[in-house]
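The primary structure of each chain is shown beneath.
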Amino acid sequence: MEEYKVLAMNFGSTSTKVAVYEGDTQLLVNVFHHSPKELEGVSSMEENAALRKPLILAYLKDNNVDLRDFDAIVGRGGLVHPLEGGTYAVNDKMLEDLRNCTYGTHVCNLGGILAAEIGAEIGKPAYVVDPPVIDELSELARLSGCPDFPRRPLFHALNQKAIAKRYAAEYGLPYDSLRLIVAHMGGGVTVGAHLYGKIVDVNNGLEGEGAYTAERPGTLAVLDVLRAAFSGKYGSTFQELREFFTFHCGLAAYVGTNDGREVTRRIRAGDRQAELAYQGMAYQIAKEIGAAGAVLQGEVDAILLTGGFANDPMLMGWIEESVRYLAPVHVYPGEDEMLALAQGAIRVLKGQEEVQVY
């Protein structure tokens, strides 16, 4: 039986990742890294599309891939209104919200936009899978302490779901029968409590809630943030303050780099400050995992550690040492996002899953 062929795209702030799948088989994959100079003056969705789309089309052409051979085009989902997990067809309403950045500005909005553009050119469907705004939070988890600021999830939904389902498949168990904690550790860190197929609590990693990361400060005392905002030291506009709190805190502030490999190198060279900062990140991630354990009332089948930082045995060892009392720890380095995108589209094409409507 012939397998469905899918083009998958994943857009990060400084990268464009593209892959070609035939069923679960990855035929091609490439990551374009964008330098600060290349991205200078590129901010709107239109400008980002003009930069990235030609790279994708040229790469496919250079590898003798005919667009007309694809059965579907799929992109990482963007910032839209809160949704349940699943695969969504990109429709006019979603495109309007993605292009206008109605629910937030992030380059991941391009996933739906370019999937729709390329799909329309060849007459094939366009999808997004498990966008970062997946909202399956329990009623209690939404309470923040002030009704004007309800807790909302902005997190690595695609990879968290993919890794949880991968673990379930490896052990021959239905995902919706498990109680899992999944920690994704990349540029941002998000820790989700997965209860019978739903992520019932997770931190808003995009906007700084939770553990500190390679670049972000994590949860800070409200009055400290207010003092910083009014001091003028970190900027005088919202955009300047957003830049500081998004890219210039965490490891970058403590050690001067956001590269975990460089931090590890410095530790091995005897840099005590680097070691303390790295241990501090592990400590805070472990605390988040412990909090997710409380959400699951201590009944946890497994703790799954994933993302780019999961490649570092030193960091993973510190975290496991702190949380293994709670449940067995499994490490899945990197991420399964490209395969998860392709599989989400293929499940719909095969009729195994109903396509969701935005």
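1. Some remarks on the overall build of the protein
Stage number 1. Assigned secondary structure in the protein consists of 12 helices and 11 strands.
Stage number 2. Its C-alpha atoms give the protein principal-axis dimensions of about 55 × 50 × 50 Å.
Stage number 3. By sequence separation, contacts in the protein at least 24 residues apart represent 68% of the contacts at least 6 residues apart.
Stage number 4. Accessible surface, the protein as shown: approximately 17,000 Å² in total, 52% of it carbon and sulfur.
Stage number 5. Of note, the protein has its 32 positive side-chain charges centred 3 Å away from the centre of its 47 negative side-chain charges.

2. Observations concerning the sheet that holds strand S1 (residues 5-12)
Stage number 1. The strand order S3-S2-S1-S4-S6-S5 describes an open sheet built from six strands, whose pairing is mixed. What marks the edges here is a single partner per strand, and that holds for strand S3 (25-33) and strand S5 (87-89). Along the sheet, successive strands turn relative to each other by an average axial angle of 20°, direction set aside.
Stage number 2. In this structure, strand S2 (residues 15-22) lies alongside S3, joined through eight bridges in antiparallel fashion. The partner of Tyr21 across the bridge, within S3, is Gln26.

3. Focus on the sheet that holds strand S11 (residues 329-333)
Backbone hydrogen bonds hold the strands of a sheet together, and the pairing may be parallel or antiparallel.
Stage number 1. An order of S9-S8-S7-S10-S11 is seen for the five strands of this open sheet, with the pairing classed as mixed. The strands lining the two open edges of the sheet, one partner per strand, are strand S9 (198-202) and S11. Strand-to-strand twist in this sheet, taken as the mean axis angle between neighbours without regard to direction, amounts to 25°.
Stage number 2. Two elements, strand S7 (residues 179-185) and strand S10 (residues 302-307), share five bridges in a ladder whose sense is parallel.

4. Considering the pattern of salt bridges
Stage number 1. With the rule as written, the count across this model stands at 21 salt bridges.
Stage number 2. Linking Glu3 and Lys350 is a salt bridge whose minimum nitrogen-to-oxygen distance equals 3.7 Å. Of the two residues, Glu3 sits in the segment before S1 while Lys350 sits in the segment after helix H12 (337-349), which places them 347 residues apart along the sequence.
Stage number 3. With a shortest N-O distance of 2.8 Å, Arg265 and Glu262 are connected by a salt bridge. Linking Arg265 with Glu262, this pair stays in helix H9 (residues 260-268), spanning three residues, or about one helical turn.
Stage number 4. Among the charged side chains, a salt-bridge network with shared partners connects Lys53, Arg99, Glu117 and Glu121.

5. With respect to the nonpolar core
Stage number 1. Membership of the largest hydrophobic core comes to 56 residues, with the highest contact counts inside it found for Leu7, Met9, Leu60 and Phe70.
Stage number 2. Per-element tally for this core: the top contributor is helix H4 (residues 110-122), with seven residues.
Stage number 3. Each residue touching Leu60, except ones within four places of it in the same chain, is listed here: Leu7, Val20, Val65, Leu67 and Phe70.
Stage number 4. If you look at the next biggest cluster of nonpolar residues, it comprises 37 residues, including Ala211, Val255, Val300 and Ala310.

6. Considering the packing of H9 against helix H10 (residues 272-295)
Stage number 1. Contact geometry of H9 with H10 gives a least axis separation of 8 Å together with a crossing angle of 130°. In terms of orientation, H9 and H10 fall into the oblique class. As H9 runs across H10, the sense of the crossing is left-handed. Here Gly260, Val263, Thr264, Arg266 and Ile267 of H9 come into contact with H10, specifically with Ala274, Glu275 and Tyr278.
Stage number 2. Residues of the contact of H9 with H10, tallied by class, amount to four nonpolar, two polar and two charged.

What counts as what
- Residues numbered from 1 in each chain as written.
- Predicted model: local features only at pLDDT ≥ 70, side-chain atom pairs only at ≥ 80, totals over all residues.
- Heavy atoms only, no water.
- Helix = DSSP H or I, 4+ residues; strand = E, 2+ residues; numbered from the N terminus.
- Contact = heavy atoms within 4.5 Å.
- Areas by Shrake-Rupley, 256 points an atom, 1.4 Å probe, with all protein chains shown as cover.
- Lys, Arg positive; Asp, Glu negative; His and termini not counted.
- Charge placed at Lys NZ, Arg CZ, Asp CG, Glu CD.
- Pairing = 2+ DSSP bridges.
- Axes fitted to C-alpha atoms, helices over the stretch in contact; angles between N-to-C directions.
- Salt bridge = Lys/Arg side-chain N within 4 Å of Asp/Glu carboxyl O.
- Core = buried A, V, L, I, M, F, W, Y, C linked by side-chain atoms within 4.5 Å.
- Buried < 20%, exposed > 50% of the residue type's maximum accessible area, 1.4 Å probe, protein only.
- Parallel < 35°, antiparallel > 145°, perpendicular 65-115°, else oblique.
- Left-handed = near helix turned anticlockwise from the far one by under 90°.
- Nonpolar A, V, L, I, M, F, W, Y, C, P; charged D, E, K, R; others polar.

These values are about where atoms sit, not about what they do.
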